[in-house]
Amino acid sequence: MTTAHDPSTASASLWRHRDFRRYLTGQSASVAGSSISTVALSVLAVNGLDATTSQVSAIAFLGQLPPALLALTAGAFADRYAKRTLMITGDLVSAAALATVPVAAATGTLTLGHLMAVATVQGAAGVVHDAAAISLLPSLVDRSLIQRGNSRVGALFAVSATGGSSLGAALTALLGPARALLGDVASYLFSAWCTARIQTRESVPPPAARRRLRTEISEGWRYVHGDHRLAVLTWVNATTSLALAILNTLWALYLLVPA
């Protein structure tokens, strides 16, 4: 039986790797869905709940806070437990949290505190999912194809994010911002389904071989900051995420609030 790491597959096209296609399809759908939420949540907060500048900023901040606090912990969990299980769990938690928004809007009980709670839960579930997804990719394709695989992932994610934003605007105009979020709920469920269909076996360390979680987190921190290239990439990504969070907050206010 041929596996993802057999030499005979090294020169094969990435698109012939069934599990890679499932992985890429699910993750792209999730990225597109998240872009829908970015549009719809902003419209819902500003136009539906009359959010102020500080309140919109709080929603954006709470969405970014879990990744900042839990990234190393999520990475340690991805090394300890089955990555597909973590990815599916993250998708289902995000879908369940987001689905409460249109339900609350339909019953007239939606508040800004509700949106802040959903943003926090999504951020926490998302960082666990993303850490596991990054760790899973090398087990799906031959080592010689990882660089090409990452380039395909990056390119398709960019297209998905752009397409998701346009779709989010269209759904918001047609259905309203609360019901438009159901598009993101569907994307999470589809992502979980695609991940569940991946058949490549994972190597999960037995419980007896696991060290203390605090030890693994500390080692990860020292490793990142001990390598100049990784340290630079970390700070670049952090700065970019901060700038995007500021941009998302500002455009929602200046485009949606009447002068």
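Going along each chain's sequence as written, the residues are numbered from 1 onward. The predicted nature of this model means local features are confined to residues of pLDDT at least 70 and side-chain atom pairs, given and counted, to a pLDDT of 80 or more, with totals for whole chains, interfaces and linings taken over all residues. Each side-chain value is worked out from all heavy atoms of the structure, with water and hydrogens disregarded.

Novice: Please give an account of the overall build of the protein chain that cites residues and values.
Specialist: Across its full length, the protein chain carries nine helices and zero strands. Helices (α) and strands (β) of the protein chain occur, in sequence order from the N terminus, as α-α-α-α-α-α-α-α-α. The contact rule is simple, with two residues in contact once any of their heavy atoms fall within 4.5 Å. Expressed as a percentage of contacts within the protein chain between residues at least 6 apart in sequence, the contacts between residues at least 24 apart total 88%. Each helix is a run of DSSP H or I of at least 4 residues and each strand a run of E of at least 2, with the numbering of both proceeding from the N terminus.

Novice: Help me get a handle on the packing of helix 1 (residues 18-48) against helix 4 (residues 112-136), residues and values and all.
Specialist: The axes used here are C-alpha line fits, helices contributing only the stretch in contact, and every angle between their N-to-C directions lies in the interval 0 to 180 degrees. Contact geometry of helix 1 with helix 4 gives a least axis separation of 13 Å together with a crossing angle of 160°. When the axes of helix 1 and helix 4 are compared, the pair comes out roughly antiparallel. Crossing of helix 1 against helix 4: the hand is left-handed. Residues Tyr23, Gln27, Leu41, Leu44 and Ala45 of helix 1 lie in contact with helix 4, whose contacting residues are Leu112, Leu115, Gln122, His129, Ala133, Ile134 and Leu136. We call two directions roughly parallel when the angle between them is under 35 degrees, roughly antiparallel when it is over 145, roughly perpendicular when it lies between 65 and 115, and oblique otherwise. Left-handed describes a crossing whose near helix is turned anticlockwise from the far helix by less than a right angle; the clockwise case is right-handed.

Novice: So what's going on with the confidence of the model for the protein chain? Which residues, and what values?
Specialist: A residue's pLDDT is the confidence the predictor assigns to it, expressed on a 0 to 100 scale. Averaged over all residues, the pLDDT of the protein chain equals 81, while 79% of them reach at least 70. For residues 1-11, every residue scores under 50 in pLDDT, and the model assigns this stretch 22 contacts once sequence neighbours within four places are set aside.

Novice: Residues and numbers for the environment of Ala97, please.
Specialist: For Ala97, the position within the fold is in helix 3 (residues 83-107). A sequence separation of 23 residues divides Ala97 from Thr120, and the C-alpha atoms of the two residues are 9.7 Å apart. Excluding its chain neighbours within four sequence positions, the residues that come into contact with Ala97 are Val118 and Val121.

Novice: Give me the packing of aromatic side chains: which residues, what numbers.
Specialist: For this analysis, a ring pair means two rings from Phe, Tyr or Trp (six-membered ring only for Trp) whose centres lie within 6.5 Å, classed as stacked if their planes differ by under 30 degrees, edge-to-face if by over 60, and tilted for the remaining angles. Within this structure, the stated rule accounts for two aromatic pairs. Note on Phe190 and Trp193: the rings are 5.9 Å apart at their centroids and 35° apart in plane angle, and the pair reads as tilted. Remark: Trp193 and Phe190 occur in helix 7 (residues 182-196); sequence separation between them is three residues, near one turn of the helix. Only protein chains enter the area calculation, which uses a 1.4 Å probe; residues under 20% of their type maximum are buried, those over 50% are exposed, and those in between are partly exposed. On the basis of relative accessible area, Phe190 is assigned to the partly exposed category, the value being 33%. Residue classification places Trp193 among the partly exposed residues on the basis of a relative accessible area of 46%.

Novice: Would you mind going over the nonpolar core in detail, with residue names and values included?
Specialist: Ranked by internal contacts, the top residues of the largest apolar core, which has 25 residues, are Leu44, Ile59, Val101, Leu115 and Leu181. Those elements that provide at least two residues to this core are helix 1, helix 2 (53-80), helix 3, helix 4, helix 6 (177-180) and helix 7. We call a set of buried Ala, Val, Leu, Ile, Met, Phe, Trp, Tyr and Cys residues a nonpolar core when their side-chain atoms join them within 4.5 Å. Formed by 15 residues, the second largest nonpolar core is a distinct cluster that contains Met87, Leu145, Ile146 and Ile198.

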